[in-house]
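# Notes for the structure review
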Amino acid sequence: MKSLAAAVFNVAFSAWGLQQAYCWFIADNSHVTISCYLLLAGLAALAIQINLSLINNYRMQSRARALGCGDVAVYPHKDPILGLDAFVEAIRAFNSHKLLDLYTRRFALCGPTYYTIALGKWMLMTDEVENVKTIMGPKMEDWPIDGPRRLAPLLVLGPNSIFASNGDAWHRARAMLKPSFVRDQVADLRCFDRHIRNMLAAIPEDGITFDIQEILLDMTMDSSTDFLLGYSTNLLTKASPEAQEFVKNFEYASRESAMKSRLGTILHHLPHRELDEAIRGLREYVRFYLKRAIAESKKGGARDRNYVFLDELLKSNPPEDYTIDQILSILIAGRDTTATAMTAAFYFLARNPVVVEKLREEINSAGDDSPTWEQLKRMKYLNSVIKEALRLFTPVATNSRTANKDTVLPRGGGKDGKQPILVPKGVSVRWSVHSLHRSKAVYGPDADEFRPERWDSDLRVSWEYIPFGGGPRICPGQQFALTQIAYALFKFFRTFRSVEARDSGPFLAQASLTFSFPHGCLVSVTRA
Ligand code: HEM
C-alpha cells in the first residue's frame, strides 16, 4: 500500500513540477538558455525513471504477496539513491583486502538475505544455503551467469567460453570438455610428479624465509600448461622468453579484466590498449601449441606422455579460436585457484605444528615414496587437512548470478527471513562462500579455527560446504585439483620435517578473478 501511495503521489508531483517548469521556461522563454532546456530534459528523464521504478515496485509487491512471498531486509544506506556510502566502504575494504570480512559483518547487521544498492542498482546479497542451492541447482536456468561474474572473464575468454557462457553455448562447451577430465588422467600422477619435484628443489635452505605462494603459482602454471598443451612453461627451471611473456600477459590480463568488471557494463567496454595486447599475446601462445599439436597428430608422432588435454579436445575437431577460448578458460579456472588452495594449506599448517606432526605420521606410514592415486585417497587425515584449508580460505570466495526473469527464492522474506522472496528480472544476487564456510551454526563455535579433526566427526554438510560450487556447473577440475594438492603435500612432508610461519599480520584475502594472499605467504622450512 505504501508503495502505491508513493507512486500516485510521485506521478502527481512530477506532473505538477513539469507543468510549472513549462510555464516558466516555455511560456515566457525570453531568459532561457540552452543549458536550461538540457536541465529540464534531465529532470524530466529523472522524474520518469523514478515513477517507473515506483510503479514497478508496486507491481512486484502485489505479485509477491499473491505468491506468499515476504518483504526483504534492506541495507541501511545513508545514500538511498546510488548507495555511495556502501560503495566507498566496499572500495576501502577491497583496497585493504578485507572485503570478505565486510560481507560477513553486513550479513550480521542485516540478516542472511538483504537488498543493497550498488551504484544505483539493486543487488541481493544472500548467505542462505537454501537460496544458493536453488540458484546453482534446480533453478539454474533462471539464474544465468551475467553481470560482474560474466564481465570478469569475458574480455579474455570471449562469449563462448565455458566460464562465461549460458544455455546452449554452455552445454556445448561443457560437453566438449567433459570427456577430457577423465579419471585415468587424474590418477596418472606422472605429470604432477616432475613439477612437484621442481617445486621442492626451488625451496631455499632451512631457516631462510621465502614466499611459498610465489613458488606454488609457478608450479601450478608449469603443471597446468604441461597437462593442457603438452608443453610446460617450466617457470621453476628454464622458462623460455616466450613462456615468461605468456605468464606476464596471463597475470596482467586476469588482474585488469577483474578490475574492469567492477566498473560496470559501460566502463567495461572502454578501450584498453595494454589489455588488448596482453590478450592477443596469450591467444597467440596457445595458438602456437594448438597448430603444433595438429601438425604432430597429422604426422602420427607419439607424445612422451600418454595423455594431453589438447589432444583429447582435438578429437572432436573444434574450430581453432573456440579451442583457444576453452584452453584459456581452464587455465584461468584452474591455475590460481589450485595455487591459492595449496598456499592456504601451508598457511594454516605453518601455524599448527601439532597438525603437521599428525599429518607426517600418516604420510610416513604410507611406505612408498611415490603413492598411487588410490593410496592418496585413502589418507584420511591428509584429505581432512585439505578440506579444512579449503573451508577457511576458499579461492572462489564469492559468486554471483543474475535473474533472467521474475523468480522466487525459498528464503529471506518476512521478519524472520524464513518466507520465500520474489526477485525481479535483472537483479544480480551475490553470496559469500567464505561466510557460509565459517557458519557457527554449522561448524560450531570454533568455526574460525583450523581443526582438520572436525571432518572425522559426524559433521554432515552438503551445500554448506561448496569450495567447488555445485549443481550442473560444479567444477569439473575438482579431482584434478585435489589430487595435485594431496600429492604436493605428501611429497613436501616426506622432504621437510616442519614449516614455520614468518609473517604475523592479520588474515587478508585479495580479490581478483579469484581470491589469493595479497602479500604472499612467508614461511621457512626444516628438512627431515
Ligand atoms: C582448488 C582448486 C579449484 C577451486 C576451488 C575451483 C572452484 C570452482 C568453482 C567454485 C567453480 C564454479 C563457478 C561458478 O559456478 O560460477 C568452478 C568452475 C570451473 N572450474 Fe574449478 N576450481 C578449482 C580448480 C580447477 C581446475 C584445476 C580446473 C581445470 C583443470 C578447473 C576448471 C573449472 C572449469 C572449466 C569451470 C567452469 C565450469 C562450468 O561453468 O561449467 N577448476 N571451479
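All of these numbers come straight from a predicted model, not from anything done at the bench. (Residues numbered from 1 in each chain as written. Predicted model: local features only at pLDDT ≥ 70, side-chain atom pairs only at ≥ 80, totals over all residues.)

## Examining the overall build of the chain
- In terms of helices and strands, the chain carries 21 helices and twelve strands.
- Relative to a compact globule of 528 residues, whose C-alpha radius of gyration would be 24 Å, the chain shows 26 Å and is just as compact.
- In terms of principal-axis extent, the alpha carbons of the chain reach across some 90 × 55 × 40 Å.
- Sorting the 528 residues of the chain into buried and exposed places 37% on the buried side. (Helix = DSSP H or I, 4+ residues; strand = E, 2+ residues; numbered from the N terminus. Rg over C-alpha atoms; globule rule 2.2 N^0.38 Å. Buried ≥ 20, exposed ≤ 12 C-beta atoms within 10 Å, placed from the backbone.)

## Thoughts on the UniProt feature "binding site: heme" (unreviewed entry) in the chain
- The UniProt record annotates "binding site: heme" (unreviewed entry) at Cys 475.
- Along the chain, Cys 475 falls in the loop between helix H20 (440–443) and helix H21 (478–495).
- What Cys 475 contacts, discounting residues up to four positions off in sequence, is Phe 468 and Gly 469. (UniProt positions renumbered as here; feature names shortened; annotations may be inferred. Contact = placed C-beta atoms within 7 Å.)

## Here's the deal with the domain arrangement of the chain
- According to the domain assignment, the chain consists of domain 1 (1–66) and domain 2 (147–527).
- One C-alpha centre belongs to domain 1, the other to domain 2; they are set 50 Å apart. (Domains from an automatic or database assignment.)

## Observations concerning the site of the ligand
- Taken together, 22 residues surround the ligand, and among them Ala 333, Gly 334, Gly 469, Cys 475 and Gly 477 come closest.
- Ranked by residues supplied to the shell around the ligand, first place goes to helix H15 (residues 320–349) with seven residues.
- Each residue belonging to the shell around the ligand can be placed in one class, and the counts come to 13 nonpolar, seven polar and two charged. (Near = placed C-beta within 6 Å. Nonpolar A, V, L, I, M, F, W, Y, C, P; charged D, E, K, R; others polar.)

## Structural notes on the pairing of strand E8 (residues 428–432)
- Most of E8 sits inside the fold, with four of its five residues counted as buried.
- Summarising the sheet, strand E3 (residues 121–126) and E8 pair through four bridges and their orientation is parallel. Note on E8: the bridge partner recorded for Met 123 is Ser 428.
- As paired elements, strand E5 (residues 398–402) and E8 share five bridges and run antiparallel to each other. Bridge assignment links Ser 400 to a residue of E8, and that residue is Arg 430. (Pairing = 2+ DSSP bridges.)

## Here's the deal with the sheet that holds strand E12 (residues 522–527)
- A sheet is described by the order of its strands in space; here three strands give the open sequence E4-E12-E9, paired in antiparallel fashion. Both edges of this open sheet fall to strand E4 (210–211) and strand E9 (496–501), since each of them pairs with a single strand only.
- Pairing of E9 with E12, which is carried by five bridges, proceeds in the antiparallel orientation. Its bridge partner being in E12, Ser 498 is matched across the sheet by Thr 526.

## Focus: the sheet that holds strand E2 (residues 113–118)
- Across the sheet, which stays open at both edges, the five strands sit in the order E1-E2-E3-E8-E5 with mixed pairing between neighbours. Among the strands making up the open sheet, the edge pair consists of strand E1 (73–74) and E5.
- Examined bridge by bridge, E2 and E3 share six bridges and lie antiparallel to one another. For Tyr 115, the partnering residue across the bridge sits in E3 and is Leu 124.

## A few points about the pairing of strand E7 (residues 419–423)
- E7 sits mainly inside the fold: four of its five residues count as buried.
- Sheet topology note: the strand E6 (residues 407–413)/E7 ladder contains four bridges and is antiparallel. Within E7, the position partnered with Leu 409 by the bridge is Ile 421.
- Linking E6 back to E7 in an antiparallel pair, the connection comprises five residues, with Gly 414 at a positive phi of about 80°.

## Comments concerning H15
- Over its 30 residues, H15 extends 43 Å from the first C-alpha to the last, a length consistent with the 44 Å expected when each residue adds 1.5 Å.
- Counting buried positions along H15 yields 27 of 30 residues, so the element is predominantly enclosed. (Expected span 1.5 Å × (residues − 1).)

## Here's the deal with the packing of helix H16 (residues 353–364) against H21
- At their nearest, the axes of H16 and H21 sit 10 Å apart, and the two run at 95° to each other. Classed by the angle they form, the pair H16 and H21 counts as roughly perpendicular. Contacts from Leu 359, Arg 360 and Ile 363 of H16 reach H21 at Phe 490, Phe 493 and Arg 494.
- The residue inventory of the contact of H16 with H21, partitioned by class, reads four nonpolar, no polar and two charged. (Axes fitted to C-alpha atoms, helices over the stretch in contact; angles between N-to-C directions. Parallel < 35°, antiparallel > 145°, perpendicular 65-115°, else oblique.)

## Regarding the nonpolar core
- Counting residues in each nonpolar core, the largest one holds 119 residues, and the members touching the most others are Ala 345, Phe 346, Ala 389 and Ile 485.
- Apart from the residues within four sequence positions on either side, Ala 345 is in contact with Val 385, Ile 386, Ala 389, Ile 485 and Leu 489. (Core = buried A, V, L, I, M, F, W, Y, C linked by C-beta atoms within 7 Å.)

## Some remarks on the environment of Asn 95
- Examined against the element boundaries, Asn 95 turns out to sit in helix H3 (residues 84–95).
- Of the residues examined, Asn 95 has 10 C-beta atoms within 10 Å and is grouped as exposed.
- Placed 232 residues apart in sequence, Asn 95 and Ile 327 show a C-alpha to C-alpha distance of 31 Å.

## Comments concerning the packing of helix H11 (residues 241–261) against helix H13 (residues 273–299)
- Running from N to C, H11 and H13 point in directions that differ by 135°, and their axes come no closer than 8 Å. Considering their axes alone, H11 and H13 lie oblique with respect to each other. Of the two elements, H11 crosses H13, and the hand of that crossing is left-handed. Here Glu 242, Glu 245, Phe 246, Asn 249, Phe 250, Tyr 252, Ala 253, Glu 256 and Ser 257 of H11 lie close against H13, whose contacting residues are Leu 275, Ala 278, Ile 279, Gly 281, Leu 282 and Tyr 285.
- Counted by class, the contact of H11 with H13 contains nine nonpolar, three polar and three charged residues. (Left-handed = near helix turned anticlockwise from the far one by under 90°.)

## Let's talk about the environment of Ser 512
- Note on placement: Ser 512 falls in the loop between strand E10 (510–511) and strand E11 (515–516).
- For Ser 512, the contacting residues outside a window of four places in its chain are Ser 254, Arg 255 and Ala 258.

## So, unusual backbone geometry
- A positive phi angle, near 50°, is found at Leu 119, a position not held by glycine.
- For Leu 119, the position within the fold is in the loop between E2 and E3.
- With a phi close to 55°, Asn 317 is a non-glycine residue in the positive phi region.
- Given 8 C-beta atoms within 10 Å, Asn 317 falls into the exposed group.

## Brief notes about the environment of Gly 477
- One can find Gly 477 in the loop between H20 and H21.
- On the basis of neighbour count, Gly 477 is assigned to the partly exposed category, with 19 C-beta atoms found within 10 Å.
- C-alpha separation for the pair Gly 477 and Thr 338, spaced 139 residues apart in sequence, amounts to 9.7 Å.
- Residues contacting Gly 477, with those up to four places away along its chain left out, are Phe 181, Ala 333 and Gly 334.

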